[in-house]
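Breakdown of the fold
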Amino acid sequence: MDFEKQIQTDRESLIQDIMKLVSIDSVETAPDAGMPFGVGAAKALDCFLETAESIGLKTENFDHYAGHADYGDQEETLGILGHVDVVPCSGSWVCDPFKPEIIDGKLYGRGVLDDKGPLLACLHAVKILKEMGVPLSKKIRFIVGANEETDWKCMDYYFNKKKIPAPQMSFTPDAVFPLIYAEKGVFQYQLVTDVSEDITLSGGNAFNAVADHASVLLPLELETVIRKSLLSWETQTRCHFTVENAGASLRLTAEGFAAHAAHPSTGINAISGLMSALSELSPENELARIATFYMEHIGFDLTGKGLGIDLTDEISGRLSFNVGKVEVCDHKVIFSIDNRVPVTYQCAQVQELIQKQLIGSGFRFENPYATESIHVPEDSFLVQTLMESYRNVTGDMSAKPLVDGACSYARALDNCVAFGALLPDQPDLMHQTNECLELDKLDLWMKIYLDAIYRLAK
């Protein structure tokens, strides 16, 4: 079915809807009355549901944990899952990340790729099918969460507390094309050590992002050696270092490059850079012990080798290792870690291996949060149909379904896969500074999603 004319007619409306939703700062914050993930996430969920209502879909808001929007009332359901929350912003943006701007054909703003833009592209695909009066045999249900970037309480509330039945088949536009049929396990935890001294050390924003900044306060007498070492550290770590006076101390800051924790090699971890510098400085306090532990057990390795967890399998490859955050709280130094675990291993196996390596180190393992891997067979109707849509629309007949470390809502229910929206030639700027959508990709996104939704729901 040819949707070219309808896509062009709807294009400006889609861009405006994306800009409207991206304009809402929906980073999770402290709960407020009736808003379990903060005011911004609640406003973003309201905005999406209002947009869906405006095109004639029937919506329901489940206490601002999640919502859904239905087109049709057929018994069998095709689900499209997405989220309206976003990760925090850092770094130097070309514009305010919550005041989206189009610059040189690119729409900049937090969430244009992850996941507000793709979610709205799918909504507008359904809008076009509805306006064309295309007959469908399945109800289409958008299931939208407000807590995906942290701990998925949104989906737990929707499916488990509210007992909403899962669709028979689903996809989520929250990864890459052509399709991800298996996702590694996600294992997040903290490595913690007690300190008796007052230490000022911080870096990163979240488990699931490569830390792009980190800083520490150091004694003034280290200034000469620090300034002499800056260039060497930058060469060794690929981080940019600055030093400045901070009252009676010096503030040493490392700046790296943010990336998604599923692909840590695409970023530059500022925490690792700072720990490397501290291990060379060896300050006369507990920072020296902490830095020594870090470089011996973590360092710049992205496979967990120093903690004995460099696991691999034939289906999904190596375990990935990311340090997303460091902080000091209640006289404890806490490193927040994210692993993507090969599909043939359980997260409990990783925990056991780490705990063995930590014996006698002065660090302990705390606060594990595990989401096990998923695997939808390649020969299933869902995978085969979505792959057929992608191949036919793009002409890439050699495209094959993928395995990835990303954590999408495909894990929230059975028979669900991640399908788009990043194309193979699009830079992956999700979770990064200057996240942007090349607007000339929108037409192809729409063609793929229209074809896929039609094939699955006809």
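This report concerns the structure included in the present document. It should be emphasised that the depicted structure is a prediction, and the values quoted were computed from it without experimental measurement.

In this section: unusual backbone geometry. Residue D115 is reached from D114 by a cis peptide bond, and omega for that bond is 5°. Considering the arrangement of structural elements, one finds D115 in the loop between β5 (106–108) and α3 (116–132). With an omega of 15°, the peptide bond between G420 and A421 qualifies as cis. Despite not being glycine, H64 has its phi angle at roughly 65°, a positive value. When you line up the elements, H64 lands in the loop between β1 (58–62) and β2 (66–71). Using a relative accessible area of 18% as the deciding quantity, one classes H64 as buried. Even without a glycine there, the phi angle at R238 is positive, about 70°. Its location among the elements puts R238 in the loop between α5 (223–237) and β13 (240–246).

Turning our eyes to something else, we now look at the pattern of salt bridges. Per the counting criterion, the structure on display carries 18 salt bridges. With a shortest N-O distance of 3.0 Å, K447 and E4 are connected by a salt bridge. Taken together, the residues span a long stretch of sequence, with K447 in helix α10 (residues 442–457) and E4 in helix α1 (residues 4–22) at a distance of 443 residues. Residue classification places K447 among the partly exposed residues on the basis of a relative accessible area of 31%. Measuring nitrogen to oxygen at the nearest pair gives 3.6 Å for the salt bridge that ties D63 to K162. Pair noted here: D63 is in the loop between β1 and β2 and K162 is in the loop between α4 (153–161) and β7 (169–172), with a separation of 99 residues, a long-range link. According to the relative accessible area criterion, D63 is partly exposed, its value standing at 38%. It is possible to trace a salt-bridge network through shared partners that takes in D194, R364 and E366.

Reading the values: rules and limits
Residues numbered from 1 in each chain as written. Predicted model: local features only at pLDDT ≥ 70, side-chain atom pairs only at ≥ 80, totals over all residues. Heavy atoms only, no water. Helix = DSSP H or I, 4+ residues; strand = E, 2+ residues; numbered from the N terminus. Buried < 20%, exposed > 50% of the residue type's maximum accessible area, 1.4 Å probe, protein only. Salt bridge = Lys/Arg side-chain N within 4 Å of Asp/Glu carboxyl O.

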